[in-house]
Amino acid sequence: MKRLFTLCLLAFAISAHAQGVMKFETDNHDFGNVPEGTMATYEFKFKNTGNQPVVIANVQASCGCTTPDWTKTPVLPGKMGVIKAMYSSAGRPGVFNKTVTVTSNAAEPSKVLTIKGSVLTKEQLKPTLTPAQLAASPHLVVDRTSHDFGKLEAGQQPAARFTIKNTGKTELVLGALTSGCYCVGYKATPKPIAPGQSEVVELIYSQRQLGQVSDVVTIASNDVSGDAKITLKANIVRDLSGNSMVKESGTAVPFK
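For every chain, the first residue of the written sequence is number 1, and numbering continues from 1 onward in sequence order. pLDDT decides what is reported in this predicted model: residues at 70 or higher carry local features, side-chain atom pairs at 80 or more are listed and counted, and totals for whole chains, interfaces and linings draw on all residues regardless. Note: side-chain values were computed over all heavy atoms of the structure, leaving out hydrogens and water.

- Under an unreviewed UniProt entry, the protein chain has the name DUF1573 domain-containing protein and belongs to Hymenobacter monticola.

### So, the overall build of the protein chain
- In DSSP terms, a helix is any run of H or I states spanning at least four residues, a strand is any run of E spanning at least two, and both are numbered starting from the N terminus. Each helix and strand counted, the protein chain has 3 helices and 18 strands in total.
- A burial count over the protein chain gives 35% of its 256 residues as buried.
- Accessibility throughout is a Shrake-Rupley quantity obtained with a 1.4 Å probe, and a residue counts as covered only by protein chains that appear here. As displayed, the protein chain has an accessible area near 14,700 Å², and 54% of this comes from carbon and sulfur atoms. Only protein chains enter the accessibility calculation, which uses a 1.4 Å probe; a residue whose area is less than 20% of its type maximum is buried, one above 50% is exposed, and one in between is partly exposed.

### Here's the deal with the pattern of salt bridges
- By definition, a salt bridge exists where a carboxyl oxygen of Asp or Glu is found within 4 Å of a side-chain nitrogen of Lys or Arg. On inspection of all chains with the given rule, the structure shows 6 salt bridges.
- For Arg144, the salt bridge is made with Asp143, and the minimal N-O distance between the two is 3.5 Å.
- Judged by relative accessible area, Arg144 falls into the partly exposed class, the value being 28%.
- Note on Asp143: relative accessible area 45%, which makes it partly exposed.
- When salt bridges with common partners are traced through the structure, they connect Arg161, Lys187 and Glu202 into a single cluster.

### Things to note about the side chain of Ser179
- With respect to the secondary-structure elements, Ser179 resides in strand β12 (residues 174-179).
- Relative accessible area serves as the criterion here: at 11%, Ser179 is assigned to the buried category.
- Under this definition, polar contacts are N or O atom pairs within 3.5 Å; protein pairs additionally need one hydrogen-donor-capable and one acceptor-capable atom, and for neighbouring residues in sequence, both atoms have to be side-chain atoms. At a separation of 3.3 Å, a polar atom in the side chain of Ser179 contacts the main-chain amide nitrogen of Tyr182.
- Here Ser179 is in contact with Val184, Val216 and Val217, once residues within four sequence places are set aside. Contacts: residue pairs with any heavy atoms within 4.5 Å of one another.

### A closer look at the state of the cysteines
- Only a pair of cysteine sulfur atoms within 2.5 Å counts as a disulfide in this structure description. Overall, the coordinates contain 2 disulfides when judged by the stated rule.
- Across the disulfide, Cys63 is cross-linked to Cys65 (sulfur-sulfur distance 2.1 Å). Every disulfide takes its handedness from the sign of the S-S torsion; for Cys63 and Cys65 that torsion is -80 degrees, giving left-handed. No difference in accessibility class separates Cys63 from Cys65, as the two residues are buried.
- Across the disulfide from Cys181 sits Cys183; the S-S distance is 2.0 Å. Its S-S torsion of approximately -70 degrees makes the covalent link between Cys181 and Cys183 left-handed.
- We classify Cys181 as partly exposed; its relative accessible area is 23%.
- Looking at Cys183, the relative accessible area reads 7%, which means it is buried.
- Each disulfide of the protein chain joins two cysteines, and with those cysteines numbered along the sequence the arrangement is 1-2, 3-4.

### Regarding the packing of aromatic side chains
- Between the rings of Phe, Tyr and Trp (Trp by its six-membered ring), a pair exists once the centres lie within 6.5 Å; its type follows the angle of the planes, with under 30 degrees stacked, over 60 edge-to-face, and the other angles tilted. Overall, the coordinates contain 5 aromatic pairs when judged by the stated rule.
- Between the aromatic rings of Phe31 and Phe96, the centroid separation amounts to 6.3 Å while the plane-to-plane angle is 40 degrees, which identifies the pairing as tilted. Note that Phe31 is positioned in strand β2 (residues 28-35) and Phe96 in strand β7 (residues 94-104), a separation of 65 residues in sequence.
- Residue Phe31 is classed as buried on the basis of its relative accessible area of 18%.

### A closer look at the confidence of the model for the protein chain
- The predictor reports its confidence for every residue as pLDDT, a score running from 0 up to 100. Model confidence for the protein chain is summarised by a mean pLDDT of 85, while 88% of its residues fall at 70 or above.
- No element of the protein chain has a lower mean pLDDT than strand β18 (residues 251-254), which averages 39, and none a higher one than strand β1 (residues 22-24), which averages 96.
- Across residues 4-15, confidence stays below pLDDT 50; counting only partners more than four residues off in sequence or on other chains, it has 0 contacts.
- Below pLDDT 50 for its whole length, residues 243-256 participates in 17 contacts with residues either more than four positions away or in separate chains.

### Observations concerning the sheet that holds β2
- A pair of strands counts as paired when DSSP detects no fewer than two bridges linking them. Strand order in this open sheet of 4 strands is β2-β8-β7-β4, and the pairing throughout is mixed. Here the strands that pair on one side only, and so sit at the sheet edges, are β2 and β4 (56-61). Strand-to-strand twist of the sheet, defined as the mean angle between neighbouring strand axes without regard to direction, takes the value 20 degrees.
- Sheet topology places β2 next to strand β8 (residues 110-120); 6 bridges connect them, and they run parallel. Paired with Asn33 across the two strands is Ser118, which belongs to β8. All axes are obtained by fitting lines to C-alpha atoms, using only the stretch in contact for helices, and the reported angles, taken between N-to-C directions, cover 0 to 180 degrees.

### Quick word on the layout of surface pockets
- By volume, the largest pocket is sized at about 270 Å³.
- What lines the largest pocket is a set of 15 residues, among which Met39, Val173, Leu174, Gly175 and Thr189 lie closest to the centre.
- Per element, the largest residue contribution to the lining of the largest pocket is 3 residues, and it comes from β12.
- Gly counts as polar in this scheme, as do all residues outside two lists: the nonpolar Ala, Val, Leu, Ile, Met, Phe, Trp, Tyr, Cys and Pro, and the charged Asp, Glu, Lys and Arg. Grouping the constituent residues of the lining of the largest pocket by class yields 8 nonpolar, 6 polar and 1 charged.
- Buriedness for pockets is judged along seven lines, at least five of which must meet protein on both sides within 12 Å for an open set on the 1 Å grid over protein atoms alone, while cavities are sets there where a 1.4 Å probe fits but cannot get out, and lining residues have an atom within 4 Å of a point. Grid points are joined across faces, edges and corners, and a volume is the space filled by probe spheres set on the points. Considered as a void within the structure, the second largest pocket measures approximately 190 Å³ in volume.
- If you go around the second largest pocket, you meet 13 residues; those closest to its centre are Glu36, Lys122, Thr218, Ala220 and Asp227.
- Only α2 (122-125), β12 and β15 (211-221) provide two or more residues apiece to the lining of the second largest pocket.

Structure representation (structure tokens):
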């Protein structure tokens, strides 16, 4: 009976110590200088040094400017997993220090990872680059600088297609879109453009202001020579039916 009791205690002790352990190569990363308009990405790698699978339940960033991704399948003992942190530098010049909190079933159930760096504007970045680095940088060329949608009904969200070519020597990465109306977005996240290659980029226009409108859109990228600017124009009306009326010079007249 005493022996059985001892075996039970031993089994309980072994069970209590049966747990996964996340052993990170590092829990912080300094990007150094980051060109504004690019996505700063770092992969935090870890090894499960425990004796049970590690399952990551959630990864939460400290701000909306940081997007996390992680290994979704159980990480078996002795295997590697990854926590990816992506910081969007578009429109955020200056120093940043952000955290990513990992929640799992590991021995340390909550683990905080840190990323930091300094986002430089293109004007700040240029003087730090050598002539060779400048020559090897990507270069954005857009096929045209404006698009007129013509007459649109309020509430419509048309798309304008632009062809963007990278005439530089390294990969071109498109960043965030900015406009005074906050009414322009990508139809799909643009892919990096290899040197000498072109990609079609579609911009969704959600302007609701009635009348003749013209909005300048800035496309951020890692092209150190500057950002691309495109002008979107339209005549926004309440509806496109033949009975629609607008006021011209104080008099209501039907559309022609």
